[in-house]
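Structure assessment
One letter stands for each residue in the lines below.
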Amino acid sequence: MVVELYLDLLSQPCRSVYIFAKKNNIPFEFKHVELLKGEHLSEEFYKVNLLRKVHALKDGNFTLAESIAILLYLSRKFNTPDHWYPSDVQKRARVDEYLSWQHTAIRAQGCNFYRTKVLMPLLVGKPFPAERLERAVEDLKSTMKQFEEKFLQDKPFIVGNEISLADLVAIVELMQVTGWDVFEGRPKLTEWRHRVEEAIGKELFREAHEVMLNGWLALPEEQGLPPTPKP
Amino acid sequence: MVVELYLDLLSQPCRAVYIFAKKNNIPFEFKDVVLFKGQHMSEEFGKVNPLRKVPALKDEAFTLAENTAILLYLSRKFNTPDHWYPSDGQKRAKVDEYLSWQHTAIRAQGSKVFLIKALVPLLMDKPFPPEKLEGAIEELNSTLKQFEEKFLQGKLFIVGNEISLADLVALVELMQPVGAGYDVFEGSPKLAEWRHRVEEAIGKELFQQAHEAILNVKDMAAAAAQLDPQLKEKLKQLLQKNLK
């Protein structure tokens, strides 16, 4: 029985799990859980993940939530190449450090921005409140500064010379705020993004992000809205 | 050269690192970084952790932030007993799962209750509206419910029959609102029993020692009263930002 992955590619953590599994040719069954249809709230899904969140994994009787846990589980079970989670203790610690920090940093600010700019108009049918968006952008800018200065610095990837789980988890979160063009005016970040895309494979990267990017295009055009502050 | 651990035991993640190192007899140098004196904002500490947060580790030229990363690094470098981070793939995954979830759950809600109940009165000129505290407590209770139903369930510890990093990290976080005067264990016998088991596994004396600072609001009040005005202003701003 193959591993089942419960995903909605609208969600950043789902994309990291999806990309990781596909890139490493890990056999799995894609179980689509549509967030916008509330499928994560079903009784059936509750048996897979008591937290009622996508991403979730089911391996026989074993169920697992949290993308970091899932990524690590898959890397161990399927013995993926070392660079994803290096066996070198200090490099591994650097990956752990990023994966820990990002929860309340890039992920949190990115989600906040996405919710304010995209989800609210889509779901509620009302335009986003300008002050909230401005605050979300300020927080995001501040986090991006930390990311570039502390985690990326002048290196090709977050840890060493090869892509790791840290880069993967980072890129899917940054892609969520793509409507703000977080990469604009940040040449180092843009170069890093291209390297990560190449390492993943452009086709797989595009495929994984299609659903979410279409969400940006579905944003209703409304007149008289305040412009989004520049990156 | 021994490992240096930069800590302030008022901070939950610092307590987890401290307890783990002491319990496993890991030789280290305790580098005191007093948050109430703004020492985490110094130039010197900035070289150890540019994120300017405790805990931080320095192992010769290697510096590391984030307590999950530090705990895992220490467990690997010093080959600590298996139960802390089991080699069994599925048990290990369950520890990872908890360590990941807790950032925006128990840690977030527990901190918020502590900040509003304990720090606001010490740092701000006027009290927060009571509904804010009520709201924070409600969120914490809701998170505790998830903790019991999803992570603890009917088990002795979060993962299996022995204490792991998950229990350690969970308990130090839950002690934060306790320090502020909100007893999260009251009204939940299962949670209280789990707490006792974890304390026993750590060792009551070590546990008490690690929690002395956080359980002494009077000392915190004294420290706050002596705050440099510039620092106080900075801390007030941070507090406001965290409690938006």
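So, here is what we can say about the structure in this document. (Residues numbered from 1 in each chain as written. Chains lettered and ligands numbered in written order. Predicted model: local features only at pLDDT ≥ 70, side-chain atom pairs only at ≥ 80, totals over all residues. Heavy atoms only, no water.)

Scanning the entire structure with this criterion turns up one cavity of 30 Å³ or more. The space that makes up the largest cavity amounts to roughly 140 Å³. Contributing to the lining of the largest cavity are 14 residues, with Ile68, Leu72 and Leu99 of chain A together with Thr68 and Leu99 of chain B lying nearest its centre. Residue assignment for the lining of the largest cavity shows that the elements contributing at least two residues are helix H3 (67-77) and helix H4 (89-101) of chain A together with helix H3 (67-77) and helix H4 (89-101) of chain B. For the lining of the largest cavity, the residue count by class is seven nonpolar, five polar and two charged. (1 Å grid on protein atoms, 1.4 Å probe; cavity = no way out; pocket = protein on both sides within 12 Å on 5 of 7 lines; lining within 4 Å. Points joined across faces, edges and corners; volume = space filled by probe spheres on them. Helix = DSSP H or I, 4+ residues; strand = E, 2+ residues; numbered from the N terminus. Nonpolar A, V, L, I, M, F, W, Y, C, P; charged D, E, K, R; others polar.)

In this structure, Thr63 of chain A sits in strand E4 (residues 62-65). Of the residues examined, Thr63 of chain A reaches a relative accessible area of 19% and is grouped as buried. Aside from chain neighbours lying at most four places away, what touches Thr63 of chain A is Lys47, Val48, Leu57 and Lys58 of chain A together with Lys94 of chain B. (Buried < 20%, exposed > 50% of the residue type's maximum accessible area, 1.4 Å probe, protein only. Contact = heavy atoms within 4.5 Å.)

The subject of this paragraph is the pattern of salt bridges. Residues and elements named next belong to chain A. A complete count under the given rule lists 21 salt bridges over all chains for this structure. For Arg107, the salt bridge identified is with Glu173, shortest N-O distance 3.0 Å. Of this pair, Arg107 sits in helix H5 (residues 106-124) while Glu173 sits in helix H7 (residues 165-176), placing them 66 residues apart in sequence. Residue Arg107 is classed as partly exposed on the basis of its relative accessible area, which comes to 24%. Linking Glu149 and Lys145 is a salt bridge whose minimum nitrogen-to-oxygen distance equals 3.3 Å. Here Glu149 pairs with Lys145, and both are found in helix H6 (residues 130-152), just four residues apart, close to one helical turn. Using a relative accessible area of 52% as the deciding quantity, one classes Glu149 as exposed. One continuous salt-bridge network, built from bridges that share partners, spans Arg94, Glu97 and Lys150. (Salt bridge = Lys/Arg side-chain N within 4 Å of Asp/Glu carboxyl O.)

With that out of the way, let us pick up a negative patch on the surface. Together, Glu131, Glu134, Glu138 and Glu139 of chain B make up a region of like negative charge exposed at the surface. Turning to its location among the elements, Glu139 of chain B is positioned in helix H6 (residues 130-152). (Patch = residues over 30% accessible without salt bridge, like charges linked within 9 Å, V, L, I, M, F, W, Y side chains within 5 Å. Areas by Shrake-Rupley, 256 points an atom, 1.4 Å probe, with all protein chains shown as cover. Lys, Arg positive; Asp, Glu negative; His and termini not counted. Charge placed at Lys NZ, Arg CZ, Asp CG, Glu CD.)

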